[in-house]
Each structure stands twice: as C-alpha cells, then as structure tokens.
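Tertiary structure, described
The residues making up each chain are set out below.
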Amino acid sequence: MKNVMIREVEERDLPALKSLIAEAFGEGWNLERYGQNSELTQALLSTYLSIFLEPSTFGRVAELDGEVVGVTLCSVKGETEKFRQFQSGTMPNALTLLTADDSERADIVEHISTSFQTISQLVESKIAAYDGSLELLVVSAKAQGLKIGKTLWNEATAYFKSAGAKSVYLIADSKCNVGFYDYNGFVKTDTKEAVYSYTTGQKKNNVFLYEYQF
C-alpha cells in the first residue's frame, strides 16, 4: 500500500526539489546541454530553485513511502517569505556558472534572459490585479496517478483562501502538464512564444499566463 504524507518544505528537501525540477523542466530548459549530473547542471538547478523559493510564503512537499515526489510553492502579497534562509549558499553556484566555458555561459544567459523577458511581457501590466501566485507545482512521473498533484493543489487552495487571496496567477509552458491546470479551474489568459537562440541551435517554447479566481 502506498503511504503518502504531506508536510511543510524543509531545507533537507532541497536536493529532492532540484531533482523534481530537472525531471519536469530539464528538456524545456536546455539542461541536457550540460550533462545530467555535472557540477554546472547542479548549480543551474540550485539557481532555478532559488527563483521559486525566494518569493514563496507557503510550501508543501509530498512524500511517497518516505521519498519526496511532489512539491508546491505559493506566494501571497503581504505575507512573510518563508524560505529565504535556504538560499545562504549561493556564492559557490555563482562561481560555477562564471567558470563555465564561453558557449555554455552564452546559452545560460540566453535561456535566463529570454525566459525573464517573455514572462515580463505576460505579467507586467497584469500582476497588480493578482493577490498571489502559484510559484511551482511538480509531481514526479513515478507518483502520477495517485492524485498527489490534486492533493498539493488542495493544500495551496486552502492556504490562498486563509490568506484572503481572491485571484492568483501561474506561469507555465508547453513542456508542462497544462491539462492539469485546465482541469482544475485555471483559465489561460495569454500566451507568448519564447525563442531561444542557443549556440547549439534555436528552440521555441510557448509560455502561458493562467489565472485562478476564488
């Protein structure tokens, strides 16, 4: 029998959260470019995880038989960020990124700058209308079919309501399981195409703005 437990995100979960991000977004984020277990890939995963953790005011992980297989992170305006203390070891990651070779560094800059520009275009004129954001919701493929994603979303929903949020937004892309958000009442309000000009070739990805009204 599968034993699923939901609990608050803890610092000891960071390696598992990086693995979840790599599984969910690795292809879309060009991580295969750097090798699955390389020091550079780990530095990038730490950097990407910090982007989700930094603003978050709520976080839950799902454990399946003791293994972290899912996570949700949320933020609500006016609430206290809870996970900034997890980001104390950023200097080694920065040094690793700086010592990448020229083509690797160019691709990293291209991915981050294009992603941020695309997201900014989606939300810059609309973000003031939202009370918060679903920063991240990921479930490992090994745990899909157990309704863990729905359970984590229910946890997030309860938090948003308790914090008085009336509307929240979510950024997703075409590499995500966006059908989950469609099924659970999110409304897609805008789409932008991100075009990444990597040294290894061009990649395109649709980036979506979803909203949820309580």
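Above this note sits the structure.
The structure contained in this document is the topic of the report that follows. Keep in mind that what you see is a predicted model, and the values were worked out from it rather than measured.

**So, the overall build of the protein chain**
Within the protein chain, the regular secondary structure consists of six helices and seven strands. For the protein chain, the succession of helices and strands along the chain, N to C, is β-α-α-β-β-α-α-β-α-β-α-β-β. Against the 2.2 N^0.38 benchmark of 17 Å for 214 residues, the protein chain shows a C-alpha radius of gyration of 17 Å, consistent with a compact globule. Taken along its principal axes, the extent of the C-alpha atoms in the protein chain is 50 × 40 × 35 Å. Here the protein chain displays about 10,800 Å² of accessible surface, and carbon together with sulfur accounts for 50% of that area. Computed over 21 positive and 28 negative side-chain charges, the inter-centroid distance for the protein chain is 5 Å.

**Looking at the sheet that holds strand S5 (residues 167–173)**
What holds strands together in a sheet is hydrogen bonding between their backbones, with the strands either parallel or antiparallel. The strand order S1-S2-S3-S4-S5-S7-S6 describes an open sheet built from seven strands, whose pairing is mixed. The sheet terminates laterally at strand S1 (4–8) and strand S6 (187–198), the two strands that pair on one side only. Here the average twist between neighbouring strands, direction ignored, is 20°. For strand S4 (residues 132–139) and S5, the ladder comprises two bridges, and the chain directions are parallel.

**Here we look at the packing of helix H2 (residues 39–53) against helix H4 (residues 102–123)**
Direction vectors running N to C along H2 and H4 enclose 15°, while the axes themselves pass 13 Å from each other. In terms of orientation, H2 lies roughly parallel with respect to H4. The two elements H2 and H4 meet at a crossing, and its hand is right-handed. Judged by residue contacts, Leu40, Leu44, Tyr48 and Ile51 of H2 engage Glu104, Ile108, His111, Ile112 and Phe116 from H4.

Criteria and cut-off values
Residues numbered from 1 in each chain as written. Predicted model: local features only at pLDDT ≥ 70, side-chain atom pairs only at ≥ 80, totals over all residues. Heavy atoms only, no water. Helix = DSSP H or I, 4+ residues; strand = E, 2+ residues; numbered from the N terminus. Rg over C-alpha atoms; globule rule 2.2 N^0.38 Å. Areas by Shrake-Rupley, 256 points an atom, 1.4 Å probe, with all protein chains shown as cover. Lys, Arg positive; Asp, Glu negative; His and termini not counted. Charge placed at Lys NZ, Arg CZ, Asp CG, Glu CD. Pairing = 2+ DSSP bridges. Axes fitted to C-alpha atoms, helices over the stretch in contact; angles between N-to-C directions. Parallel < 35°, antiparallel > 145°, perpendicular 65-115°, else oblique. Left-handed = near helix turned anticlockwise from the far one by under 90°. Contact = heavy atoms within 4.5 Å.

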